[in-house]
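One letter stands for each residue in the lines below.
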Amino acid sequence: MLSVESKGFHTMPTSNQIVFFDTTLRDGEQSPGCTMHHAEKLRMAHQIAGLGVDILEAGFPIASTGDFESVLAIAKDIRGPRIAALARAKREDIEAAAKALEPAPSPRIHLFLSTSDLHLAAKLKITREQAIDQIAEMVAFARTFTDDVEFSPEDATRTDPDYLCKVCEVAIQAGATTLNLPDTVGYCIPQDYAAMFRMVLDRVPGAKDIVLSAHCHDDLGLAVANTIAAIEAGVRQVECSINGIGERAGNAALEEIAAILMVRKDKLPYTDNIVMDQLFATSQMLSGCISFGAAPNKAIVGANAFAHASGIHQHGVLANPLTYEILTPASVGYKGQNIVLGKHSGRRALEHRLSELGHKLNKEELNGVYIRFTELADRKKLIYDQDIVALLQPVTA
């Protein structure tokens, strides 16, 4: 049996603690454009561990030799978070996951099997009864390798509610210590997703004695909203990825969930272990490892997340950042320039930037530079510091 530590969230988290389960290197990495080679996965694993996640899902060992080797390397090198590996509810998958996780002090095997009638008939071609038997047998088999077993009924949100409750009960009885109910295809709206967890807590024996987990996809743009709704319904583990990468439209974005929990403690009085000022650096590292970065308007880590181009907004932020910023750039590790000069900028922003560049102008000089600045901004989309300095020539000549 693999060694297991038992402390804090490894059994049950405290009532107000949110456990972050990062799947960047598994669900994220298996999506188009996000494949990483071995060294990149190991480098990202170190960064994600430093971010303070509680569980790091390292990969899907049965998928390929490369994936097995990456999980094995992460299990050897990474300390801090619990290391998880994915497995279908099949004996060979579980054995591969267990072997890859052997060096990890705190391993988790994460099993999944589809439970919606659509998936059972079209994909697995088995009956509900056969699925129940397979879940019971394979969860119990996984428990022979580790005391920490997570089970996910794939497509849970489109599974018949009565059958889903039966699946959950069987998984718990077989030894699952975490039960993840994924919105696999991003179908749910927040109230539906929350209601499903409340139903399971109310109807399934033992559900209150294990950790319930949310795993949401963003097909309708609701992954983060659904995750927050699940927390309010009693979920204490959230499965997410850096920059929200993942299958199709992606997973719930880790940085957005963490920021919501930090900013809205008035409504969400929970604690977590995320090191907030590492969010931007982690996002940037991931962007360098895969074939695309975060969209400029991406919340929290996008290039425009703290950028202000409107003169009214710039004036307000320069007077008091709280006027248009609900969290500071520094709080998430962002160190860039947040006042972007363009045709919508006002005199106050231009004066501020000139001052930063070492040029103090009187009112008359500033008015002259501002007129030339607006003329330039109408012709040029991007204005650089050298452009601004060049506007001073008539003043300094």
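Cut-off values and rules
Residues numbered from 1 in each chain as written. Predicted model: local features only at pLDDT ≥ 70, side-chain atom pairs only at ≥ 80, totals over all residues. Heavy atoms only, no water. Helix = DSSP H or I, 4+ residues; strand = E, 2+ residues; numbered from the N terminus. Buried < 20%, exposed > 50% of the residue type's maximum accessible area, 1.4 Å probe, protein only. Contact = heavy atoms within 4.5 Å. Areas by Shrake-Rupley, 256 points an atom, 1.4 Å probe, with all protein chains shown as cover. Lys, Arg positive; Asp, Glu negative; His and termini not counted. Charge placed at Lys NZ, Arg CZ, Asp CG, Glu CD. Core = buried A, V, L, I, M, F, W, Y, C linked by side-chain atoms within 4.5 Å. Phe/Tyr/Trp six-rings, centres within 6.5 Å; stacked < 30°, edge-to-face > 60°. Lys NZ or Arg CZ within 6 Å of the ring centre and 35° of its normal. Axes fitted to C-alpha atoms, helices over the stretch in contact; angles between N-to-C directions. Parallel < 35°, antiparallel > 145°, perpendicular 65-115°, else oblique. Nonpolar A, V, L, I, M, F, W, Y, C, P; charged D, E, K, R; others polar. Right-handed = clockwise from strand over helix to strand, strands pointing away. Pairing = 2+ DSSP bridges.

**Q** Would you mind going over the overall build of the protein with me for this structure?
**A** From N to C terminus, the protein includes 16 helices and eight strands. The C-alpha extent of the protein, read off along each of the three principal axes, is 85 × 40 × 40 Å. Per-residue burial over the protein gives 55% buried out of 397 residues. For the protein, the share of sequence-separated contacts (at least 6 apart) that also reach a separation of at least 24 residues comes to 73%. Here the protein displays about 17,000 Å² of accessible surface, and carbon together with sulfur accounts for 54% of that area. Of the charged side chains in the protein, 38 are positive and 49 negative, and the gap between their average positions amounts to 4 Å.

**Q** Would you mind showing me how to read the nonpolar core here?
**A** One recurring pattern in soluble globular proteins: nonpolar side chains tend to sit buried together. In terms of nonpolar packing, the biggest core is built from 106 residues, with F20, L111, F151 and F197 touching the most fellow members. The dominant element in this core, judged by the number of residues it contributes, is helix 7 (residues 161–174), at nine residues. If you look at the next biggest cluster of nonpolar residues, it comprises 14 residues, including L341, L376, I383 and I388.

**Q** So what exactly am I meant to see when it comes to unusual backbone geometry here?
**A** Glycine aside, negative phi is the norm for most residues, and most peptide bonds take the trans geometry. One non-glycine residue with positive phi stands out, namely K125, at about 55°. One can find K125 in the loop between helix 5 (117–124) and helix 6 (128–142). Looking at K125, the relative accessible area reads 63%, which means it is exposed.

**Q** Explain the packing of aromatic side chains to me, please; I cannot follow it from the model alone.
**A** The geometry of an aromatic ring pair comes down to the distance between the two centres and the angle between the two planes. Per the counting criterion, the structure on display carries five aromatic pairs. Between F60 and F112, the aromatic rings sit 6.2 Å apart at their centres with planes inclined by 65°, giving edge-to-face as the arrangement. Taken together, the positions of F60 in the loop between strand 2 (55–59) and helix 3 (65–77) and F112 in strand 4 (residues 107–114) put the pair 52 residues apart, joining distant regions of the chain. Aromatic pair Y193 and F197: ring centres 5.0 Å apart, planes at 85°, arrangement edge-to-face. Linking Y193 with F197, this pair stays in helix 8 (residues 190–203), spanning four residues, or about one helical turn. Each member of the pair, Y193 together with F197, is buried. Looking at R91, its charged tip hangs above the ring of F141, at a distance of 4.1 Å from the centre. One Lys or Arg, R128, reaches over the ring of Y163 and ends 4.9 Å from the middle of that ring.

**Q** I keep staring at the packing of helix 2 (residues 38–50) against helix 11 (residues 279–289) and nothing clicks. Help me out?
**A** Two quantities define a packed helix pair, namely the angle between the axes and the distance from one axis to the other. Where helix 2 meets helix 11, the axes come as close as 10 Å, and the angle between the chain directions of the two elements is 175°. One finds that helix 2 runs roughly antiparallel with respect to helix 11. Of the residues in helix 11, those touching helix 2 at E40, R43, M44, Q47 and I48 are A281, T282, M285, L286 and C289. Residue composition of the contact of helix 2 with helix 11, by class: six nonpolar, two polar and two charged.

**Q** What exactly am I supposed to notice about the pairing of strand 6 (residues 178–183) here?
**A** Sheet faces and side chains relate simply in a regular strand, where the side chains alternate between the two faces. Counting buried residues in strand 6 gives six out of six residues, a clear majority hidden from the surface. Residues of strand 6 alternate between two faces, with T178, N180 and P182 on one and L179, L181 and D183 on the opposite face, all of them buried. The parallel pair strand 5 (residues 149–154) and strand 6 is bridged by helix 7, and the resulting crossover is right-handed. Summarising the sheet, strand 6 and strand 7 (residues 211–216) pair through six bridges and their orientation is parallel. By the bridge assignment for strand 7, P182 is matched with H215. Since strand 6 and strand 7 lie parallel, the crossover through helix 8 that links them has a hand, and here it is right-handed.

**Q** What am I meant to see in the sheet that holds strand 6 here?
**A** Two strands in a sheet stick together by hydrogen bonds in their backbones, pointing the same way (parallel) or opposite ways (antiparallel). Reading around the circumference, 1-2-3-4-5-6-7-8 is the order of the eight strands in this closed barrel, with parallel pairing throughout. On average, each strand axis in the sheet is tilted by 25° relative to the strand beside it, whichever way the strands run. When strand 7 meets strand 8 (residues 237–240), the two strands line up parallel, connected through three bridges. Looking across to strand 8, one finds that A214 is bridged to V238.

**Q** What is the right way to look at the pairing of strand 4 in this model?
**A** Within strand 4, eight of the eight residues are buried, which leaves it mostly tucked inside the rest of the structure. Covered by surrounding structure in strand 4 are P107, I109, L111 and L113 together with R108, H110, F112 and S114, the residues of both alternating faces. Sheet analysis places strand 3 (residues 82–88) next to strand 4, joined by six bridges and oriented parallel. Note that in strand 4 the partner of A85 across the bridge is I109. With helix 4 (residues 91–100) bridging strand 3 and the parallel strand 4, this β-α-β connection has right-handed handedness. Inspection of the sheet shows strand 4 paired to strand 5 by six bridges, in the parallel sense.

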